[in-house]
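Report on the structure
Residue strings, one per chain:
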Amino acid sequence: MSLLPAWLKARLTSAACLIFVTVPSILVLQGCDSISVPIGNPERSRADPVLGGVWLVSDPDNSALLAFIEPYDKRSWLIWAVNVSRKQAGAEDNTVGPPSDPAALSDWLAQGDENITSEGPFKAWLTRLGGERFLVLEPIRQLSTKRGVGADDWYVFRIEMRGNDAFLASMVDPHFQDIDKVTTTRAAEAIIRKNARNSALYGVDPDSDEDQESLPFVRVPQSAYDVVRELLTTGK
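Residues numbered from 1 in each chain as written. Predicted model: local features only at pLDDT ≥ 70, side-chain atom pairs only at ≥ 80, totals over all residues. Heavy atoms only, no water.

Here the focus is the confidence of the model for the protein chain. With 63% of its residues at a pLDDT of at least 70, the protein chain reaches an overall mean of 75. Note on residues 5-31: pLDDT under 50 across the span, and 72 contacts to partners over four residues away in sequence or across chains. (pLDDT = per-residue confidence, 0-100. Contact = heavy atoms within 4.5 Å.)

Okay, the environment of leucine 51 next. Structurally, leucine 51 can be placed in the loop between β2 (26-30) and β3 (53-57). On the basis of relative accessible area, leucine 51 is assigned to the buried category, the value being 3%. In sequence terms leucine 51 and glutamate 70 are 19 residues apart; their C-alpha atoms lie 8.5 Å from each other. Not counting the four nearest positions on each side in its chain, leucine 51 is found in contact with Ile69, Trp77, Leu126, Met161 and Phe167. (Helix = DSSP H or I, 4+ residues; strand = E, 2+ residues; numbered from the N terminus. Buried < 20%, exposed > 50% of the residue type's maximum accessible area, 1.4 Å probe, protein only.)

So, about the pattern of salt bridges. In the structure shown here, the tally under the stated rule is five salt bridges. The salt bridge involving aspartate 48 is made with arginine 133; its shortest N-O contact spans 2.9 Å. Of this pair, aspartate 48 sits in the loop between β2 and β3 while arginine 133 sits in strand β8 (residues 132-139), and the two are 85 residues apart along the sequence. The class for arginine 133 is buried, based on a relative accessible area of 16%. Two residues, arginine 158 and glutamate 160, come together in a salt bridge whose shortest N-O distance is 3.5 Å. (Salt bridge = Lys/Arg side-chain N within 4 Å of Asp/Glu carboxyl O.)

A large share of strand β4 (residues 64-71) lies buried, amounting to seven of its eight residues. With five bridges connecting them, β3 and β4 associate as antiparallel partners. Within the sheet, the bridge partner assigned to valine 57 lies in β4 and is leucine 65. (Pairing = 2+ DSSP bridges.)

A word on the packing of aromatic side chains. Applying the stated criterion across every chain, the model contains two aromatic pairs. For the pair tryptophan 55 and phenylalanine 167, a centre-to-centre distance of 4.8 Å together with 70 degrees between the ring planes defines the contact as edge-to-face. Taken together, the residues tryptophan 55 in strand β3 and phenylalanine 167 in strand β12 (residues 166-171) connect sequence positions 112 residues apart. Tryptophan 55 gets classed as buried once you look at its relative accessible area, which sits at 0%. Using a relative accessible area of 5% as the deciding quantity, one classes phenylalanine 167 as buried. Between phenylalanine 167 and phenylalanine 217, the aromatic rings sit 4.6 Å apart at their centres with planes inclined by 15 degrees, giving stacked as the arrangement. Of the two residues, phenylalanine 167 sits in strand β12 while phenylalanine 217 sits in strand β13 (residues 215-219), which places them 50 residues apart along the sequence. Each member of the pair, phenylalanine 167 together with phenylalanine 217, is buried. Joined through ring pairs, the aromatic side chains of Trp55, Phe167 and Phe217 make up one cluster. Sitting over the ring of tyrosine 202, arginine 158 keeps its end group 4.2 Å from the ring centre. (Phe/Tyr/Trp six-rings, centres within 6.5 Å; stacked < 30°, edge-to-face > 60°. Lys NZ or Arg CZ within 6 Å of the ring centre and 35° of its normal.)

Structural data, given as structure tokens:
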């Protein structure tokens, strides 16, 4: 059964297209660059059951993200995101995000006084290119300039599982070799397939010493579901 209450699903379903973005030392949800063609085929994909559940990405000094991944059908997922931050006493703008350890999430949420924002939903599916696995996110109920209602934008992440309870998500840079300008799925897939293990595909300058930025997702244990559900119910 879904953790998301009806009021939140309704609000998420009517939301504008927003997506996960990483910048140094902070996780935010905001409008971002995309590609204009879908990658893979949701009708031929398979919804890996390991991805189902609630996942946490956290920066102790900033807001953190709870991602809810639920089956859309046998081949794809439905994803919602809730951004949570803790109001910091004595500071108007500074917030303190949830702990990076999901086992401590229940105690943190029980303290109350959170700021909550929510984004989504997205239909998502998996595809494999160049020996790597990618998760493709498609905004749902977005107004399309081409079709009236439907997606004009897609967002692509490489997914690297770390067992069954953690994974890294690295966003494909849509400006790499002008992927954002290609007009066919075949052309976009060819670029990604050829460069799937090239760090520059994920926004890393090959001439720099910087590390690749990835979203480190960890699974929220079922023992924390009750307090998460209470947070969502009272956070409207």
